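# Notes for the structure review
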Amino acid sequence: MPEHTTYAEAVNAALRLLLSEDDRVFLAGEDIGVYGGAFGVTDGLVGEFGEDRVRDTPISEDAIAGLAVGAAMTGMRPVVEIQFSDFVVNAMDAIVNQAAKLHFMYGGQVEVPMVIRAPGGGGTGAAAQHSQSLEAWFAHVPGLKVVMPATVQDAHDLLLASVLDPNPVIHLEHKLLYKTEGPFEPRAKIADTPARIGEAAILREGSDLTIAAYSIMAIRALEAAETVSDFGIEAEVIDMRTVKPLDMATVRSSVKRTGRLLVAHEAPAPVGVGAEIVAGVVESDALDYLLAPVRRVCGVDVPMPYARDLERNAIPQTENVVEAARELMKS
Amino acid sequence: MPEHTTYAEAVNAALRLLLSEDDRVFLAGEDIGVYGGAFGVTDGLVGEFGEDRVRDTPISEDAIAGLAVGAAMTGMRPVVEIQFSDFVVNAMDAIVNQAAKLHFMYGGQVEVPMVIRAPGGGGTGAAAQHSQSLEAWFAHVPGLKVVMPATVQDAHDLLLASVLDPNPVIHLEHKLLYKTEGPFEPRAKIADTPARIGEAAILREGSDLTIAAYSIMAIRALEAAETVSDFGIEAEVIDMRTVKPLDMATVRSSVKRTGRLLVAHEAPAPVGVGAEIVAGVVESDALDYLLAPVRRVCGVDVPMPYARDLERNAIPQTENVVEAARELMKS
Amino acid sequence: MWTIRRFEEGVEELFSYDLLHGTMHLSIGQEAVAEGVCGALADGDMITSTHRGHGHALAHGADPELMFAELLMKDTGYCRGRGGSMHIADVKNGNLGANGIVAGSMTIASGAALTQVMRATGKIVACFFGDGAANEGSFHEAINLAAVWDLPVLFVCENNQYGMSMSQDRSTAGGSVAGRATAYGIPGVEVDGNDVREVHDATADLAERARNGAGPAILEAVTYRYRGHSQSDRDLYRTQEEIEEWRSSKDPLARYEGWLKESATLSDEAIESAREQAQDAIRLAVQGALTAPDANIGDLEGAAYA
Amino acid sequence: MWTIRRFEEGVEELFSYDLLHGTMHLSIGQEAVAEGVCGALADGDMITSTHRGHGHALAHGADPELMFAELLMKDTGYCRGRGGSMHIADVKNGNLGANGIVAGSMTIASGAALTQVMRATGKIVACFFGDGAANEGSFHEAINLAAVWDLPVLFVCENNQYGMSMSQDRSTAGGSVAGRATAYGIPGVEVDGNDVREVHDATADLAERARNGAGPAILEAVTYRYRGHSQSDRDLYRTQEEIEEWRSSKDPLARYEGWLKESATLSDEAIESAREQAQDAIRLAVQGALTAPDANIGDLEGAAYA
Ligand SMILES: Cc1ncc(C[n+]2csc(CCOP(=O)(O)OP(=O)(O)O)c2C)c(N)n1
Ligand SMILES: Cc1ncc(C[n+]2csc(CCOP(=O)(O)OP(=O)(O)O)c2C)c(N)n1
Ligand SMILES: [Mg+2]
Ligand SMILES: [Mg+2]
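Quick summary incoming for the structure in this document. (Residues numbered from 1 in each chain as written. Chains lettered and ligands numbered in written order. Predicted model: local features only at pLDDT ≥ 70, side-chain atom pairs only at ≥ 80, totals over all residues. Heavy atoms only, no water.)

### Things to note about the overall build of chain A
Check the secondary structure of chain A and you find 12 helices and 14 strands. What you see for chain A is a C-alpha radius of gyration of 19 Å, in line with the 20 Å of a compact globule of 331 residues. When its C-alpha atoms are laid out on the principal axes, chain A stretches across 60 × 45 × 40 Å. Across chain A, every contact between residues at least 6 apart in sequence was considered, and the portion connecting residues at least 24 apart equals 82%. Both charge centroids of chain A, one from 27 positive and one from 47 negative side chains, sit 3 Å from each other. (Helix = DSSP H or I, 4+ residues; strand = E, 2+ residues; numbered from the N terminus. Rg over C-alpha atoms; globule rule 2.2 N^0.38 Å. Contact = heavy atoms within 4.5 Å. Lys, Arg positive; Asp, Glu negative; His and termini not counted. Charge placed at Lys NZ, Arg CZ, Asp CG, Glu CD.)

The structure is reproduced here in structure tokens:
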């Protein structure tokens, strides 16, 4: 494994490690076998581990999530894939009414240690039904955890942490990140992962404003921070990494230092995770440190358009973060 | 029709008016015919309008929502019922990937004027899979409108307004409100409804704090306001009435007058509609008027328990609002 | 079967005293399905159940006292008072749980069956569902998956002929749930669900088949629900005559007792004492449950997570 | 059919010039299904389509120039550049729209058919779906509902034998989509999907039936996809031989031309000129689309709502 690799490779390496170290782990999903998955993330795994451990399923998302619940309740560690996160709409009962609830509803008799991997986000020209960012739904459901890695290393480490968790975890990957490269240290054992679900990471320190983001927007926020730094604005960039639970302590203490908050995610603003981050700050004593109204940089509240320019306009880009940061400093 | 009636009766009267005045309107859902619906809301309608207009369906939520989309696209005005809002999990594709998107995705070639009625909320002892409040999901989806009447009159007027709307509308009713009574003026014609989707109502004026709530929590907030008034605290109570779109102008101007904000809903706090209300305030100049951190009074972040006392503790009650309001005044 | 019936009658009584919360879905009249199926399963075999699951739980070995404790909101209940009537699970005995979502346990059953294959346990899963559930998409996806993967799961349709107020002929195209098995190339067998011996034998055959790797099957047991769908049902969708006919001439308990006598398997006295034993067991279970400590209200925060 | 094939080839060419966005699902090899079905429908009849919908749209009367305009992100495109290849609708002509969600249009088709009944229009709806879609819960719910309500909808399974990389035998229990019709008590007819005349005649029969109130049916047209599932497919799940065999010996265009000649319906010249006409029509359509104004980027706010 190279010192440097892609986000997709890092996920693939995590899956390989999981399959080889823990015989309770198996994969299931549409076209994850010989096809290698719609984005090549599972490439080679069926050859290495066989069709018993890497299972191509019919086009039945409800069954994919439901079989994971049943297998997890009975001792396995399923890691299933929903080919595009948009298709979880067909699996909501298994995820929300079953996986999320059974541990509590059955009085602790069962645990449901399953992971659902799904690529989300826009920018690929696949339009309204293949470009959504739906993390807000899952972050609203008691019993679920939601992980959204932004970096190559986190894509590896957080997936390992997700499988170690005794609860159902939704692991949302961003399509445009799959090909991105970054420094990478593969873990030798699953337990070697340093990632902790619920821990944010400060990607860049800064004293003028706090930018809280996750997934691809954490990367864009970092780019934006470098740009505004040329204008003498030093932004602190926080990658939330997991959106349920949210590491509000890190955001609050940062806001207390900077006095300004900008939140960025690709999903539309209304009732998005960004609203929760904002609320989590202003219901704490961090409110008193705010020097200006908070800003959200989010997707336009519209289904994802197909045309390249429309799509670009519907998705928050680095320059939108730059612009918002500069305006925030003026107010 | 009496001067005073129940919330369920008010919905029933609206459905009767819709069916008699507009022959494009029809109802479909599980057990809405001779059974009268799980909560008696459609009682008598099949007798009056026949099985062609009031359709009992198989237990197929995906088909219920999907048939509404197809019928709405082709000129009808379907008003369909999901027996408990928890079961929309089975209809998410039709609602989110189809109903919400087709108007935009097809470049304006179609409109999808459909209404989905569903009872939500807890307090009935039906536990985790029959007690959820899922409005946050729908409020996050571009293309949907979400209506949540709290009063008997609004249950009537907002349903009429929902059917007049050319977009898909999710009309969420609260089970515990069905039997509540209130003053009621039935409308003679559909267009007579004064209700406007996106308009909040100030249920009570007050100068000390603003309580923004909706559905049953608006009622509890009103009770709480009367109680704290005995302690010399005058709360302004805003019933949002629709959670997508949200009438933030009303909330902001109220907060500018009171300087304190308390938000209440039955759904758990994380990434709930309350977070959006809070964010909508603090990203505006209303932030400068806040004298204390905002407060949210929401459901405990846990699946709804069965046992009476546990259930009661999991759901925000009037006394929780009272307590939060008094603490808010102290801070 | 007497235990199930007495249990359900006990539930009705407690409900009438307003000692329960929420609603209840009773299986009076359907006892032979639960008894016949679970009686034919082997040690370690699992079941998944429905909103009408009291009978399934009892037939699969649940302790009636812990079930009453659950309904009575006691800390000693199977789900510590968190689940209630629609969600009783008894995982130790292989009951993976009742489910409040119609067809909600069907894909779960396929998943549990997959574990048995991957672990080569030789165990099977019996998945109970109702006639109304056969029109949910989950029914289709769960059975198709089990069939293409030859999973050891027996899909048991407890056909009481109504889904709430919808008669099967109004809701179910084709008119037969067992008949839908052909769509998946698996066996579909319809039996008299009020004849416990017929249910038992058919289950034994299909369970054996599944255990041997031949894959899933659908068993449709035709029965009848004496009580309303739930406590609020006004029974407007069926006639009193229809209900009476089933009670008087097709009751599963009466028929089984009749056979016990004819075949001289049990004497009248033995039958009588079996009845009394059930009666006493339920009385004791209720007493024990009533005196148990209430569900712990102090531990909700964070309880959603393991 | 030549128009469809030339259109798809045009798409491939534009894609290779990087003039398109996203991916494309081509129907080359499957032309006879779209042509045969839509050719047998009456004026005012409707269709719902899939992610592989170019052929359906063209066969149902769409203007290739407006389709290219959509793919080329033009304001004149059918969806003003907002939908793209997977979402072309042509409502004026009764094409209720392509759908990016597998089986996503099936319940919509039943709903559109319900309108025809309630409005007594005498029109029917043809719902295209793939073999892979037959394993979605929506397939089951849509067909069951249409069957219990006798809705005038014809469910057309365009069986190209693979759902992305999954061959039908690995994904579909029972092995036949038409065979699943018996589960719903409706007709299920399998035809050679590469024989446009056979597809046409079967459609005419079943459409007539539906129009007369006899309810829905499943028509399974067996065909083959020459190209990859989408532009990124490496074709690792099937052999080149298999693809070659279908192209060389079963091509729907070649077969139809062969019949036209044998039956002396058209002369070689007539056929040749028909081909050229298609060629020219597509060339003109591309030219017209290329010069159209780009999609309007200025109007996204609020555009989600009517
Ligand atoms: C997904 C879903 N839809 C609807 C309901 C409401 N509901 C509960 S039981 C029931 C009838 C189920 O009928 P059937 O499957 O035949 O079981 P039975 O009640 O007859 O035992 C309905 C509609 C539900 N609980 N879940
Ligand atoms: C609900 C859903 N699941 C998965 C996909 C991804 N996907 C797109 S097309 C396809 C294969 C569909 O196969 P089939 O129905 O046979 O149509 P074909 O592509 O062969 O024309 C898949 C899995 C999707 N678009 N929607
Ligand atoms: Mg039933
Ligand atoms: Mg196919």
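Moving on from the coordinates now.
### Here's the deal with the overall build of chain C
A tally of regular secondary structure across chain C gives 11 helices and 7 strands. In terms of overall dimensions, chain C has C-alpha extents of about 55 × 50 × 40 Å along its principal axes. Within chain C, the fraction of its 306 residues that count as buried is 62%. Counting contacts in chain C only where the partners sit at least 6 residues apart, residues at least 24 apart contribute 71% of the total. A total of about 10,200 Å² of accessible surface is found on chain C, and carbon and sulfur atoms cover 49% of it. With 24 positive and 45 negative side-chain charges, chain C shows a spacing of 2 Å between the two charge centroids. (Buried < 20%, exposed > 50% of the residue type's maximum accessible area, 1.4 Å probe, protein only. Areas by Shrake-Rupley, 256 points an atom, 1.4 Å probe, with all protein chains shown as cover.)

### Points about helix H10 (residues 273-282) of chain A
Most of H10(A) is tucked away: 10 of the 10 residues are buried. Looking at H10(A), one finds that the buried residues are Val273(A), Gly274(A), Ala275(A), Glu276(A), Ile277(A), Val278(A), Ala279(A), Gly280(A), Val281(A) and Val282(A).

### Section: the interface of chain A and chain B
Contacts between the two partners involve 49 residues from chain A and, on the opposite side, 49 residues from chain B. Buried surface at the junction of chain A and chain B, both sides included, amounts to about 4,400 Å², of which 66% is carbon and sulfur. In terms of surface lost to chain B, no three residues of chain A exceed Trp137(A), His140(A) and Val271(A), which account for 18% of the buried area on that side. At the boundary of chain A with chain B, the tally comes to 6 salt bridges. The residue Glu283(B) makes a salt bridge to Arg296(A) at a minimum N-O spacing of 2.9 Å. Of all the secondary-structure elements, those providing two or more residues to the side of chain A that touches chain B are helix H4 (92-99), helix H5 (102-105), helix H6 (135-139), strand E13 (261-268) and H10 of chain A. (Buried area = accessible area lost by both parts, 1.4 Å probe. Salt bridge = Lys/Arg side-chain N within 4 Å of Asp/Glu carboxyl O.)

### Some remarks on the relation of the copies chain A and chain B
Between chain A and chain B, the superposition needs a rotation of 180° and an axial shift of 0.0 Å, giving an RMSD of 0.0 Å. As the rotation angle and translation indicate, the two copies are arranged about a two-fold axis. By residue overlap, the copies meet face to face through one surface: 100% of the interface positions of chain A are interface positions in chain B. (Least-squares fit on C-alpha atoms with pLDDT ≥ 70 in both.)

### Looking at the site of ligand 2
Lining the immediate environment of ligand 2, one finds 22 residues, of which Glu61(A), His51(D), Arg52(D), Gly100(D) and Gly132(D) sit closest. Looking at the residues close to ligand 2, they fall on chains A and D. In this structure, Ala133(D) approaches ligand 2 through a main-chain N or O atom, which is 3.1 Å from an oxygen atom. Burial of ligand 2 by the surrounding chains reaches 97%, relative to a free accessible area of 580 Å². (Near = heavy atom within 4 Å. Polar contact = N/O pair within 3.5 Å; in protein donor to acceptor, adjacent residues only side chain to side chain.)

### Let's talk about the environment of Pro293(A)
As for its position among the elements, Pro293(A) is in the loop between H10 and strand E14 (295-299). For the pair Pro293(A) and Leu261(A), spaced 32 residues apart in sequence, the C-alpha to C-alpha distance is 7.9 Å. Apart from the residues lying within four places of it in its own chain, the contact partners of Pro293(A) are Leu328(A), Val282(B), Glu283(B), Ser284(B) and Leu287(B).

### A word on the coordination of the magnesium ion (ligand 4)
Residue and element names in this part refer to chain D. Here the magnesium ion (ligand 4) is held by the protein donor atoms Asp131 (OD), Asn160 (OD1) and Tyr162 (O), which lie 2.0 to 2.1 Å from it. Of note, the donors binding the magnesium ion (ligand 4) are all from one chain and are spaced D-x28-N-x1-Y. Side by side, Asn160 and Tyr162 carry an identical accessibility label, which is buried. (Donors = N, O, S within 2.8 Å, 3.2 Å for Na, K, Ca; no water.)

### Here we look at the site of ligand 1
By nearness alone, 22 residues border ligand 1, and Glu61(B), His51(C), Arg52(C), Gly100(C) and Gly132(C) come closest of all. Nearby residues around ligand 1 are contributed by chains B and C. Contact distances for ligand 1 include 2.9 Å between an oxygen atom and a backbone N or O atom of Gly132(C). Across the complex, the protein chains shield 97% of the 580 Å² of accessible surface that ligand 1 would expose by itself. When the residues that make up the shell around ligand 1 are grouped by side-chain class, the tally is 7 nonpolar, 10 polar and 5 charged. (Nonpolar A, V, L, I, M, F, W, Y, C, P; charged D, E, K, R; others polar.)

### What to know about the interface of chain C and chain A
On the side of chain A, 42 residues touch chain C, which itself brings 36 residues to the contact. Across the chain C/chain A interface, buried area totals approximately 3,200 Å², and carbon plus sulfur atoms make up 62% of it. At the boundary of chain C with chain A, the tally comes to 1 salt bridge. Residue Arg119(C) is joined to Asp23(A) by a salt bridge in which the shortest nitrogen-to-oxygen separation is 3.3 Å. Across the contact surface, chain C and chain A share 14 residue pairs in polar contact (both at pLDDT 80 or more).

### Some details on helix H3 (residues 61-73) of chain B
Residues and elements named next belong to chain B. Helix length check: H3, at 13 residues, gives a terminal C-alpha distance of 19 Å against a target of 18 Å (1.5 Å per residue), a fit within 8%. By the criterion of burial, H3 is predominantly enclosed, with 13 of the 13 residues buried. Positive backbone phi, at 110°, marks Gly75, one or two positions downstream of H3. (Expected span 1.5 Å × (residues − 1).)

### Details of the pattern of salt bridges
Inspection of every chain in the model, using the stated rule, returns 80 salt bridges over all chains. Among the ionic pairs, Arg117(A) bridges to Glu81(A), the shortest N-O distance being 2.8 Å. Taken together, the positions of Arg117(A) in strand E5 (residues 115-120) and Glu81(A) in strand E4 (residues 77-81) put the pair 36 residues apart, joining distant regions of the chain. Judged by its relative accessible area of 2%, Arg117(A) falls in the buried class. Between Lys74(C) and Asp294(C) there is a salt bridge whose closest N-O contact spans 3.0 Å.

### Examining the pairing of strand E2 (residues 25-29) of chain B
Residues and elements named next belong to chain B. Summarising burial for E2: 5 of the 5 residues are buried, a large majority. The pairing of E2 with strand E4 (residues 77-81) spans 5 bridges and is classified as parallel. Considered in E4, the bridge of Gly29 is made with Glu81. Where E2 and strand E3 (residues 54-56) come together, 3 bridges link them in parallel fashion. Looking across to E3, one finds that Leu27 is bridged to Val54. (Pairing = 2+ DSSP bridges.)

### Notes on the coordination of the magnesium ion (ligand 3)
At this site the magnesium ion (ligand 3) is bound by Asp131(C) (OD), Asn160(C) (OD1) and Tyr162(C) (O), with donor distances of 2.0 to 2.1 Å. Mapping the donors of the magnesium ion (ligand 3) onto the primary sequence gives the spacing D-x28-N-x1-Y.

### Some details on the packing of aromatic side chains
All chains considered together, the criterion is met by 23 aromatic pairs over all chains. Measuring from ring centre to ring centre gives 5.1 Å for Tyr224(D) and Trp246(D), while their planes differ by 10°; the resulting arrangement is stacked. Highlighted residues: Tyr224(D) in the loop between strand E7 (217-222) and helix H9 (240-250) and Trp246(D) in helix H9, separated in sequence by 22 residues. Take Tyr224(D) and Trp246(D): they sit in the same class, and that class is buried. Three or more aromatic residues link up through ring pairs in this structure, and these residues are Tyr7(A), Phe39(A), Phe84(A), Phe87(A) and Tyr178(A). Positioned over the ring face of Trp149(C) is Arg55(A), at 4.6 Å from the centre of the ring. Above the plane of the ring of Phe231(B) lies Arg326(B), whose end atom (NZ or CZ) is 3.7 Å from the centre. (Phe/Tyr/Trp six-rings, centres within 6.5 Å; stacked < 30°, edge-to-face > 60°. Lys NZ or Arg CZ within 6 Å of the ring centre and 35° of its normal.)

### Points about the sheet that holds strand E1 (residues 46-48) of chain C
Residue and element names in this part refer to chain C. The 5 strands are arranged E1-E2-E3-E7-E6 in an open sheet whose pairing can be described as parallel. For this open sheet the edge positions go to E1 and strand E6 (188-192), each flanked by a neighbour on one side alone. The average undirected angle you get between the axes of adjacent strands in this sheet is 20°. In this sheet, strand E3 (residues 153-159) lies alongside strand E2 (residues 125-130) in parallel orientation, the contact comprising 6 bridges. In the sheet register, Phe129 faces E3, and the bridge partner there is Cys157. In the packing of helix H5 (residues 106-118) onto the sheet, the strands contacted are E1, E2 and E3, and the crossing angle to E2 comes to about 175°. Against the sheet, helix H6 (residues 137-148) engages E2, E3 and strand E7 (217-222), with an angle of about 150° to E3. (Axes fitted to C-alpha atoms, helices over the stretch in contact; angles between N-to-C directions.)

### As for the sheet that holds strand E10 (residues 209-213) of chain A
All names here are of chain A. The sheet built from 5 strands is open, its strands ordered E9-E11-E10-E13-E14 with mixed pairing. At either end of the open sheet lies a strand with only one pairing partner, and these are strand E9 (201-204) and E14. Strand-to-strand twist of the sheet, defined as the mean angle between neighbouring strand axes without regard to direction, takes the value 25°. Across 4 bridges, the pairing between E13 and E14 is parallel. Looking at E14, one finds that Ala264 is bridged to Val297. Sheet strands touched by helix H9 (residues 248-258): E9, E10, strand E11 (235-239) and E13. Its angle to E11, the strand with the most contacts, is close to 175°. Of the strands in this sheet, E10, E13 and E14 are in contact with helix H12 (residues 318-330), which crosses E14 at around 165°.

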